[in-house]
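# Residue-level structural notes
Given next are the chains, with one letter for each unit.
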Amino acid sequence: MRAITVVPLQAGTVSLTDLPEPDPADGPVLVETIAVGVCGTDLEIIAGDYGWAPPGEQRLALGHESIGRVLEAPSGSGLAAGDLVVGVVRRPDPEPCPNCAMGQWDMCRNGNYTEWGIKAHHGYARERYRITPEFVVKVAPGLGELGALLEPTSVVAKAWDHIFRIGTRASWSPQSVLVTGAGPIGLLAALLGVQRGLQVHVLDQVDRGPKPQLVADLGATYHHGDIASTGLGPDIVVECTGVGSLVFDAMDAMAPNGVLCLTGVSPKGRALGVDAGEVNRHMVLENDVVFGSVNANRAHYEAAAQALAKADPAWLARLVSRQVPLERWQEAYQRQPDDVKVLLRFGA
Ligand code: BGC
């Protein structure tokens with residue numbers, strides 16, 4: 001079967017290749033892939049900066065954001081042929097660590113987890129895959145290929161879950177949130193913020209293209225430029241760019257008892273001059289919390305499925321700026337200026 005694969009850590013190796021049919025050891029549920037979403041992590045893997053092949057293999061099939069249709073499922077699994085499904089990205093480490101042992105693989109402590117399409121297991125950018133029912137999440141049939149937005153939504157569902165767990169360490173009634181970055185993660189973070197009844201502000205560097213209107217149509221406010229020029233003092237910041245200077249600007253702008261969640265992975269080696277004493281003083285005197293958030297567990301996928309089911313499907317559809325057929329797969333991995341989310345289509 002056809003699959004998009006790379007030799008991890010070697011740039012220039014991404015290709016449409018042949019892979020054997022899915023291994024029955026992967027699970028009793030057989031799924032045909034409808035589409036995979038392309039994200040920054042895929043581009044990093046393609047650039048040779050990240051990724052691990054499955055043990056004993058040279059190439060890794062990409063794709064961790066997916067939507068597929070069940071072809072076969074055992075009775076009693078809660079799944080049936082025809083269901084639209086998304087596969088979870090991470091699998092617990094084999095030990096397992098205390099978190100993985102209780103289904104919180106997103107909080108794995110020893111780093112020996114695997115991630116489909118990223119770390120030591122083939123991903124969903126192949127025509128078919130096999131999987132165990134516990135790592136499959138059903139999406140509303142009406143969502144169609146927009147179900148590929150479930151995985152990035154699960155990442156922000158986790159971020160929101162943890163923001164509120166941290167915020168409610170004391171009496172807390174947040175009013176406003178600033179989301180930095182209006183890419184798919186930023187826009188989905190904004191959607192979930194609106195669904196939580198917050199005043200949502202989104203900051204990005206562009207002042208044209210589809211992003212300003214996408215934000216306005218959520219009932220949120222769009223800003224471009226730097227954080228200081230917005231004049232905001234948000235209770236919550238969700239940082240979705242990985243730009244180091246924005247992290248410190250956001251810490252400066254937050255209201256007392258502020259919670260800043262970092263979701264963007266930045267490249268290493270970008271040093272910044274920072275007054276560490278001032279940062280420490282500010283955080284201590286205002287009870288600020290800055291924390292990182294990655295990946296998602298099953299509960300977050302389910303929360304994400306509910307969030308997508310509540311969202312306006314026409315708005316979600318506008319997040320998908322391009323759908324590229326498998327025959328022209330190279331185009332899916334070439335960024336274009338107005339891209340929000342690009343889908344690579346495997347089938348109807
Ligand atoms: C994925 C996460 C994954 C992370 C690190 C992100 O792009 O959405 O599921 O944990 O990359 O590999």
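As the structure is a computational prediction, the values presented were derived from the model and not from experiment. Numbers given for residues are sequential positions, taken from 1 along each chain in its written order. Side-chain atom pairs in this predicted model are given and counted only at pLDDT of 80 or more, local residue features only at pLDDT of at least 70, and totals for whole chains, interfaces and linings cover all residues. The basis for every side-chain value is the complete set of non-hydrogen atoms in the structure, without hydrogens or water.

## A word on the overall build of the protein chain
For the record, the criterion: Note on conventions: DSSP H or I runs of at least 4 residues are helices, E runs of at least 2 residues are strands, and numbering of each starts at the N terminus. Atoms counted for the radius of gyration: C-alpha only. Globule rule: 2.2 Å times residue count to the power 0.38. Each residue is placed in one exposure class: buried if its accessible area under a 1.4 Å probe, protein chains only, is under 20% of its type's maximum, exposed if it is over 50%, and partly exposed if it falls in between. Within this scheme the basic residues Lys and Arg register as positive and the acidic residues Asp and Glu register as negative, but His and the chain ends are omitted. Charge placement uses NZ in Lys and CZ in Arg. For Asp and Glu, CG and CD serve respectively.
Counting its secondary structure elements, the protein chain contains ten helices and 19 strands. Against the compact-globule benchmark of 20 Å for 348 residues, the protein chain has a radius of gyration of 20 Å, which places it among compact chains. C-alpha atoms of the protein chain, sized along the principal axes, occupy 55 × 45 × 40 Å. Evaluated residue by residue, the protein chain yields a buried proportion of 52% over its 348 residues. Separation of charge centres in the protein chain, based on 28 positive and 39 negative side chains, amounts to 3 Å.

## Let's talk about the domain arrangement of the protein chain
Applicable threshold: For each domain, the first and last residues come from an automatic or database assignment. Throughout, a contact is declared for two residues whenever any of their heavy atoms are within 4.5 Å. As a working definition, buried area equals the accessible area (1.4 Å probe) given up by two parts on being put together, with both sides summed. By definition here, a salt bridge exists when the distance from a side-chain nitrogen of Lys or Arg to a carboxyl oxygen of Asp or Glu is within 4 Å. For this analysis, a polar contact is any N or O atom pair within 3.5 Å, provided that within protein one partner can donate a hydrogen and the other can accept it, and provided that sequence-adjacent residues contribute only side-chain to side-chain pairs. Only Asp, Glu, Lys and Arg are considered charged, only Ala, Val, Leu, Ile, Met, Phe, Trp, Tyr, Cys and Pro nonpolar, and every remaining residue, Gly among them, polar.
Taken domain by domain, the protein chain comprises domain 1 (2-138 + 313-345) and domain 2 (154-292). Taking only C-alpha atoms into account, the centre of domain 1 sits 28 Å from that of domain 2. Contacts between the two partners involve nine residues from domain 1 and, on the opposite side, twelve residues from domain 2. Each partner contributes to the roughly 1,000 Å² buried at the junction of domain 1 and domain 2, and carbon and sulfur atoms together form 71% of this total. Three residues, Trp315, Arg318 and Val340, lead the burial of domain 1 against domain 2; their summed loss comes to 55% of the area buried on that side. Scanning the region where domain 1 abuts domain 2 turns up two salt bridges. With a shortest N-O distance of 2.9 Å, Arg318 and Asp217 are connected by a salt bridge. In this assembly, domain 1 and domain 2 are joined by three residue pairs in polar contact (both at pLDDT 80 or more). Element by element, the count of residues in the side of domain 1 that touches domain 2 is highest for helix 9 (residues 313-319), at four residues. Classifying every residue of the side of domain 1 that touches domain 2 by side-chain character gives five nonpolar, no polar and four charged.

## Some thoughts on the pairing of strand 14 (residues 221-224)
To keep things clear, this is the line we draw: Two strands are said to pair when DSSP picks up at least two bridges between them. Assignment of crossover handedness uses the view with strands pointing away from the viewer, where a clockwise path from the first strand over the helix to the second indicates a right-handed crossover.
Two strands pair when backbone bridges link them, and strand 13 (residues 199-204) and strand 14 are joined in this way by four bridges, in the parallel orientation. By the bridge assignment for strand 14, Leu203 is matched with His223. This β-α-β element, strand 13 to helix 5 (residues 211-216) to strand 14, shows right-handed connectivity.

## Focus: the packing of helix 6 (residues 244-253) against helix 7 (residues 276-285)
As a reminder of what qualifies: Axes, fitted as lines to C-alpha atoms, cover a helix only where it is in contact. Angles between the N-to-C directions of the axes lie from 0 to 180 degrees. The cut-offs work like this: below 35 degrees is roughly parallel, past 145 is roughly antiparallel, 65 to 115 is roughly perpendicular, and the gaps in between are oblique. Crossing handedness: left-handed means the near helix sits turned counterclockwise from the far one by under a right angle, and right-handed means the same turn made clockwise.
Where helix 6 contacts helix 7, the two axes come as close as 10 Å, and the packing angle between them is 40°. Of the possible angle classes, the one that applies to helix 6 and helix 7 is oblique. For helix 6 against helix 7, the interelement crossing comes out left-handed. Across from Phe248, Met251 and Asp252 in helix 6, the residues of helix 7 making contact are Val279, His282 and Met283. Broken down by class, the residue content of the contact of helix 6 with helix 7 amounts to four nonpolar, one polar and one charged.

## Brief notes about the site of the ligand
Let me state the cut-off plainly: A molecule or strand has a residue near it when one of that residue's heavy atoms lies within 4 Å. Note that accessible areas follow from Shrake-Rupley with a 1.4 Å probe, and for residues the cover is restricted to the protein chains shown.
Residues in close proximity to the ligand include Cys39, Thr41, Tyr50, His64, Val89, Arg90, Glu115, Ile118, Glu151, Val155, Val294 and Asn295, which together make up its full environment. Within the complex, the protein chains bury 87% of what would otherwise be the 320 Å² of accessible surface of the ligand. Split into classes, the residues belonging to the shell around the ligand amount to six nonpolar, three polar and three charged.

## Comments concerning the side chain of His162
With respect to the helices, strands and loops of the structure, His162 is situated in helix 3 (residues 150-167). When neighbours within four sequence positions are excluded, His162 is seen to be in contact with Met107, Phe291 and His300.

## Considering the pattern of salt bridges
Under the defined criterion, the tally for this structure stands at 17 salt bridges. Among the salt bridges present, the one from Glu65 reaches Lys341, with a minimum N-O distance of 2.9 Å. Linking Glu65 in strand 5 (residues 65-72) with Lys341 in strand 19 (residues 341-345), this pair joins segments that are 276 residues apart in sequence. Taken as a pair, Glu65 and Lys341 share a single burial class, namely buried. What emerges from the salt-bridge pattern is a single network uniting Arg2, Glu127 and Glu327.

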